[in-house]
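One letter stands for each residue in the lines below.
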Amino acid sequence: MLYAQTTAEAKRRLFRERLATGELLRFPGAFNPLSARLIEQKGFEGVYISGAVLSADLGLPDIGLTTLTEVAGRGKQIARMTDLPAIIDADTGFGEPMNVARTIQELEDAGLAGAHIEDQVNPKRCGHLDGKSVVDEATALKRIRAGVDARRDSNFLIMARTDIRATEPGDSGLALAADRAKALVDAGADAIFPEAMRTLEEFEAIRKAVDVPILANMTEFGKSELFSSEQLASVGVNIVIWPVSMLRISMGATGRALDELNNVGHLTGKLGEMQHRADLYELLDYESYNSFDTNVFNFEVER
Ligand SMILES: C[C@](O)(C(=O)O)[C@H](CC(=O)O)C(=O)O
Ligand SMILES: [Mg+2]
């Protein structure tokens, strides 16, 4: 009933323990609190909260328009609905290193298990678009140090994302990414998110460069080939995210349903694609509200 039972501290501790095993942990992107529950019900290890989804949800492009208050608020709504650890996209940390420090404390208070801070300049853009710029190494390291020093729960995972790979083509971009990843780890990053890696070999190169967990971003229509969990595990990736995928799927299905309404005038033909009322109620744990008030759940839903 209501929110998940596991405290934020326990989620972070368990997440750290799981991460230490070296296995691949799968974090699909939750586009709302309810979808986080579905991710948990389907047996995944964690929930990702994407900046691209958060901004798209508000009808805005992913160019750093959302505020810390909006991001922490949505993060809290999603994280509290699941016993799984939730990691959130904190973009460039919402300002100067001092702002990064406050960002991390706000995200801890919001119940997140971790966050990633990237080294793009503001205004930032999707990591899989061309024409990105990154800050110099000293600034990138300051952001991470500020976050690490500010956290109060040492289990809160601070992940450094570097976008530097796409600033130069070919092997030189990859070498820059490996160097920056090493420096970010020296500055205290608990994990590395190498953005816009193109091939499995590129993930492998970052794996060799650092000895902390690394994350693979399997966002569609971007720079990376879409590798399977098995392939990513085989090159030593520890966390995989599908940040926007569930929103893309839902919006695609919504578009097709609206076409059907226009063309046919009813949705009878779409019933099989819908989440059934009974499944929704199960996900909401509707029945348990009955233990509080027996008048709440005194009906049956036929499948
Ligand atoms: C991971 C990401 O930062 C996000 O906000 O979800 C995006 C995803 C995307 O735009 O496809 C990214 O920059 O890769
Ligand atoms: Mg993002």
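Structural data are supplied above this passage.
Note that this is a predicted model, so its numbers are computed, not measured.

**Let's talk about the nonpolar core**
- Of all hydrophobic cores here, the largest spans 58 residues; its most connected members are Val47, Leu112, Ile192, Phe203 and Leu232.
- With residues near it in sequence (within four places) discarded, isoleucine 192 still touches Met159, Ala160, Ala181, Leu184, Val185, Ile206, Val210, Val212, Pro213, Ile214 and Leu215.

**Describing the environment of glycine 170**
- Along the chain, glycine 170 falls in helix 7 (residues 170-186).
- Looking at glycine 170, the relative accessible area reads 41%, which means it is partly exposed.
- For the pair formed by glycine 170 and alanine 8, sequence separation is 162 residues and the distance between their alpha carbons is 41 Å.

**Description of the pattern of salt bridges**
- Inspection of every chain in the model, using the stated rule, returns 23 salt bridges.
- Notably, a salt bridge pairs arginine 18 with glutamate 23, separated by 2.9 Å at the nearest N-O pair.
- As a salt-bridge pair, aspartate 163 and arginine 161 come within 2.8 Å of each other at their nearest N and O atoms. We note that aspartate 163, like arginine 161, is buried.
- The network of salt bridges with common partners includes Asp91, Glu118, Lys124, Lys132, Arg161, Asp163 and Glu195.

**Thoughts on the packing of helix 7 against helix 8 (residues 200-209)**
- Between helix 7 and helix 8, whose axes approach to 9 Å, the crossing angle comes to 30°. Between helix 7 and helix 8, the interaxial angle falls into the category roughly parallel. Crossing of helix 7 over helix 8 shows right-handed handedness. On helix 8, the residues touching Leu174, Ala177, Ala178 and Lys182 of helix 7 are Glu202, Ala205, Ile206 and Ala209.
- For the contact of helix 7 with helix 8, the class distribution of residues is six nonpolar, no polar and two charged.

**Comments concerning helix 2 (residues 33-41)**
- Every buried residue belonging to helix 2 is among Pro33, Ser35, Ala36, Arg37 and Ile39, and all of these are buried.
- Those residues of helix 2 hidden inside the fold are in contact with strand 1 (25-28), strand 2 (47-49), helix 4 (68-79) and helix 11 (277-284).
- Near the N-terminus of helix 2, the side chain that reaches the backbone nitrogen of leucine 34, with its oxygen 3.3 Å away, is that of asparagine 32.

**Points about the pairing of strand 5 (residues 157-162)**
- Burial of strand 5 is extensive: six of the six residues sit out of reach of the surface.
- Burial along strand 5 is two-sided: the residues Leu157, Met159 and Arg161 and Ile158, Ala160 and Thr162 are all buried.
- When strand 4 (residues 114-118) meets strand 5, the two strands line up parallel, connected through five bridges. Residue pairing in the sheet places alanine 115 in a bridge with isoleucine 158 of strand 5.

**Description of the site of ligand 1**
- The environment of ligand 1 is formed by 16 residues, the closest being Ser50, Ala52, Gly127, Glu195 and Thr219.
- The separation between an oxygen atom of ligand 1 and a polar side-chain atom of aspartate 89 is 2.7 Å.
- At 2.6 Å, a side-chain N or O of threonine 219 approaches an oxygen atom of ligand 1.
- Grouping the constituent residues of the shell around ligand 1 by class yields five nonpolar, six polar and five charged.

**Observations regarding the packing of helix 2 against helix 11**
- In the contact formed by helix 2 and helix 11, the axes pass within 10 Å of each other and the chain directions differ by 90°. Considering the angle they form, helix 2 stands roughly perpendicular to helix 11. Mapping the contact onto sequence places Leu34, Arg37, Leu38 and Gln41 in helix 2 and Leu280, Glu282, Leu283 and Leu284 in helix 11.
- The residue inventory of the contact of helix 2 with helix 11, partitioned by class, reads five nonpolar, one polar and two charged.

**A closer look at the sheet that holds strand 2**
- Read from one edge of the open sheet, five strands run 2-3-4-5-6, paired in parallel fashion. With one partner strand each, in any of the chains shown, strand 2 and strand 6 (191-194) form the two edges of the open sheet. Going from strand to strand, the sheet's axes swing by 25° on average, the running direction of each strand aside.
- Relative to strand 4, strand 3 (residues 86-89) is paired through three bridges, and the arrangement is parallel. By the bridge assignment for strand 4, isoleucine 87 is matched with glycine 114.
- Packing against the sheet, helix 4 makes contact with strand 2 and strand 3, and its axis sits at approximately 160° to strand 3.

Parameters at a glance
Residues numbered from 1 in each chain as written. Chains lettered and ligands numbered in written order. Predicted model: local features only at pLDDT ≥ 70, side-chain atom pairs only at ≥ 80, totals over all residues. Heavy atoms only, no water. Core = buried A, V, L, I, M, F, W, Y, C linked by side-chain atoms within 4.5 Å. Buried < 20%, exposed > 50% of the residue type's maximum accessible area, 1.4 Å probe, protein only. Contact = heavy atoms within 4.5 Å. Helix = DSSP H or I, 4+ residues; strand = E, 2+ residues; numbered from the N terminus. Salt bridge = Lys/Arg side-chain N within 4 Å of Asp/Glu carboxyl O. Axes fitted to C-alpha atoms, helices over the stretch in contact; angles between N-to-C directions. Parallel < 35°, antiparallel > 145°, perpendicular 65-115°, else oblique. Left-handed = near helix turned anticlockwise from the far one by under 90°. Nonpolar A, V, L, I, M, F, W, Y, C, P; charged D, E, K, R; others polar. Polar contact = N/O pair within 3.5 Å; in protein donor to acceptor, adjacent residues only side chain to side chain. Pairing = 2+ DSSP bridges. Near = heavy atom within 4 Å.

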